[in-house]
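As a plain string of letters, each chain reads:
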Amino acid sequence: MTAADDQTDNYLYVSWGGSGRTSCLRQAIERAEANDASLRYLAILDDATFSGIDASLRAVVADELTWLLETQIDLARRQTGIDRRVRLQVESGEVGSVSAAVAKATDATLILVGAPVPVSHSQTVVELMAALAATTGSVVELIEP
Amino acid sequence: MSLASILFASEEVGTLIRNEIAAVILLAISAIVAVLSSRLRFPFTVALMVAGFFASGLGEVVAVDVSPELILGLLVPPLLFEATLNLSWTKLRADLSSVLVFALLGTLFGTLVIGFVVHAVLGLPLPIAFAFGALISATDPVAVIAFFKTLGVPKRLAVLVEGESLFNDAVAVVAFTLAVAAAETTDSFSIGGAVQEFFVVSAGGLAIGLGLGYIVSAGILARVDDALIETTTTLALAYGSFLLADEFGLMIGDPTFHLSGILAVAAAGLVVGNVGIKNTSPTTRVTLEHFWELLTYLVNSLVFLFIGLSVPPNLFGRHIGAVGVAIGLSLAVRVVVVYGLSLGIGAARPLNKISLAYQHVMFWGGLRGAISLALALTLTTDVFTPDDVERVQVMTFGVVLFTLLGQGTTMAALIRRLGLAGRADNEITQQRHQARIAMKRAGQAEVARLGADGVLDDDLAHALNSAYARDVDRQTDELRYHLHANPELEVAMLLRARRDAIAAEQSALASAVMAGLVDSTIAHDLAPELNNRLVALDLLEERWESDPDPRLGRLRVSDDSGR
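Procedures and definitions
- Residues numbered from 1 in each chain as written.
- Chains lettered and ligands numbered in written order.
- Predicted model: local features only at pLDDT ≥ 70, side-chain atom pairs only at ≥ 80, totals over all residues.
- Helix = DSSP H or I, 4+ residues; strand = E, 2+ residues; numbered from the N terminus.
- Buried ≥ 20, exposed ≤ 12 C-beta atoms within 10 Å, placed from the backbone.
- Contact = placed C-beta atoms within 7 Å.
- Pairing = 2+ DSSP bridges.
- Axes fitted to C-alpha atoms, helices over the stretch in contact; angles between N-to-C directions.
- Parallel < 35°, antiparallel > 145°, perpendicular 65-115°, else oblique.
- Left-handed = near helix turned anticlockwise from the far one by under 90°.
- Nonpolar A, V, L, I, M, F, W, Y, C, P; charged D, E, K, R; others polar.
- Expected span 1.5 Å × (residues − 1).
- Bend = angle between axes of the 7 residues up to and from the residue.
- pLDDT = per-residue confidence, 0-100.

Summing up its helical and strand segments, chain A has six helices and five strands in all. Each helix (α) and strand (β) of chain A, taken in turn from the N terminus, gives the series α-β-α-β-α-α-β-α-β-α-β. Evaluated residue by residue, chain A yields a buried proportion of 48% over its 145 residues. Taking the intrachain contacts of chain A between residues at least 6 apart in sequence as the baseline, contacts between residues at least 24 apart amount to 80%.

Residues and elements named next belong to chain A. If you check the backbone angles, D36 has positive phi at about 50° while not being a glycine. Summarising the element assignment, D36 is placed in the loop between α2 (21-34) and β2 (38-46). For D107, which is not a glycine, the phi torsion comes out positive at approximately 55°. The topology assignment puts D107 in the loop between α5 (95-105) and β4 (110-114).

Residues and elements named next belong to chain A. Spatially, the five strands line up as an open sheet ordered β3-β2-β1-β4-β5, and their pairing is parallel. One side of each edge strand has no neighbouring strand; the edge strands of this open sheet are β3 (86-93) and β5 (139-143). Going from strand to strand, the sheet's axes swing by 25° on average, the running direction of each strand aside. When β4 meets β5, the two strands line up parallel, connected through five bridges.

The next subject is the environment of A:L128. By the element assignment, A:L128 lies in helix α6 (residues 125-136). Along the chain, A:L128 and A:S97 lie 31 residues apart, while their C-alpha atoms are 9.7 Å from each other.

Residue and element names in this part refer to chain B. With their axes 9 Å apart at the nearest point, helix α2 (residues 15-40) and helix α3 (residues 44-55) run at an angle of 135° to one another. By the angle class used here, α2 and α3 are oblique. Crossing angle aside, the handedness with which α2 passes α3 is right-handed. Two secondary-structure elements touch here, α2 through I29, S30, V33, A34, L36 and S37 and α3 through F44, A47, L48, A51 and A55. Tallied by class, the residues present in the contact of α2 with α3 amount to nine nonpolar, two polar and no charged.

Below, the discussion takes up helix α4 (residues 68-85) of chain B. Residues and elements named next belong to chain B. Helix length check: α4, at 18 residues, gives a terminal C-alpha distance of 25 Å against a target of 26 Å (1.5 Å per residue), a fit within 8%. Of all the bends in α4, the greatest, near 40°, is centred on V76, and the proline P77 appears no more than four residues after it. Among the 18 residues in α4, 13 count as buried, and that is most of the element.

Residue and element names in this part refer to chain B. Of the residues in chain B, 91% reach a pLDDT of 70 or more, and the chain-wide mean stands at 83. Overall, residues 551-563 carries pLDDT values under 50, and its contacts beyond four positions in sequence, including any with other chains, amount to 26 contacts. Interface confidence in the predicted complex, given as ipTM, is 0.85; pTM for the same model is 0.64.

See below:
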């Protein structure tokens, strides 16, 4: 068991695309460090963009995304000078339901929504944040680049 | 003795061989022009037309039978299929209504207004005047889209320009075909009848394209995993959908009845590009992309060369007045279409409002290209008088030349002046910092070497080294601040570096095979893995570089996305 597992606050940083991701991640790391919270980075291959893709290709995309995000986490830690563990989790599915499921499973106290590109044609980021707050009971905040 | 007389001295040299020789010469010219225009930084397509002028001096050697069937049936389908293949429905959907308004109303308005004016001012008969109005309403965004990518303009603007162009190509071809058909018929021409026929022909063509596109997507692309078979099938689909629609009358016992083959091709490409391709392996995607890119390049080259061959410079001088009218008219109509329809779209659907800056780019970016030229080349003296055909071809050539030279070469400046070149200036600054860091580090290394060799006094070497180290630190800090201020650059740098690294991995694999360190069968197994990673990067890049949610932007009242 690591020190992070003993912490009471669990932060969940959620992202599904958009420019300026490293900037948002830096802010999430700084928030977690300031409040001594654990930080989980949930990257979603959203249905709106990736659902129709061939299964074998989707696996490669997830693999490549993991590689890129591990690099990005390393970069953000170097830039902030904060050596805090960031757990990376890559999932596929509908942004709202995946975020809610992971938030519940990890007892997230704060959900940070980063670099918000449109969720889908029918749902705005603001609507998604309201829905997440209602279903998880967590505080949901937006991080802008 | 002329070159033609030498080559074609034998009676046994048939038409096929003659055409083959001409095609080889034209392709060689195209390759030479590509190299020269790249070195001289001259627009490739304009250079091709100029080369066509000179090549016309070769006479019979390059005399290809440029029949309407060749142009419409062989050259135009790949252009449209490739364009639709790469058009993302996801991106297009948000602005589909605006794009359709521009493509449909804009093109029909242009066809009618330009047709009536050139009929009244230049005395062209109405059918060929409408044919000219239609063909000159088809915009070609290839050159503009290249600037968009270089300058990093908002994606919505690119979708509007590209989407409008694609659909207006299809509408223009249908309108053009109807105008030519009207000239061929002995019945009286009526606008109402033409509009009715327009919708029947269009809907039929679309239905055939959508149906065949779906059959190929679900029946072949989703079930077969072989890049060569799948690519060949898309080629058959492009030409097959055209033929089936165009010759639909034969199936119902009325050979004079035709549906729009062009719209069938466009619809088939759209379905394959957005449905079928999702079920293909990364290797097939790469193969498809390269195949269609090459085919489009070849077709574009031939079309621009053909127009150069068909319109000798002396004709240009003879019809200079008509060319002036055509240029002025096409610009005036473009003003009305872009600004007028944007006003209407903004009033009807405030969420889809198009900013004035976008409208300026859409107006000035309305270049004309291969489709206009290809259609002009299909006009024959069987239907129209030689003088009318000559005038329309020269006018088309003049408008295309003006837009490529006048508008195309000033687009980048306009985009920058309108403040739409968001990424480019930031990237230039970023690269300046990177270049300075590289320079300073090189200087520092040289000083260290001189110190180590004893050429420099130790104290002086240390002092110089410290000075360089400070310079490097300062530049590194500035780069870091710049990246903090422009976070999107970090993502772009990460993706670019990853892409370069994968390319290096591919190169290393090839080198290992060449050196005999790795068996080619192993390399054959490993190569697709790297291709797959590049395709995955493309998909991720598209999502990572998406514009922020505009609906969120409005809430923040800091919207600059152009909505």
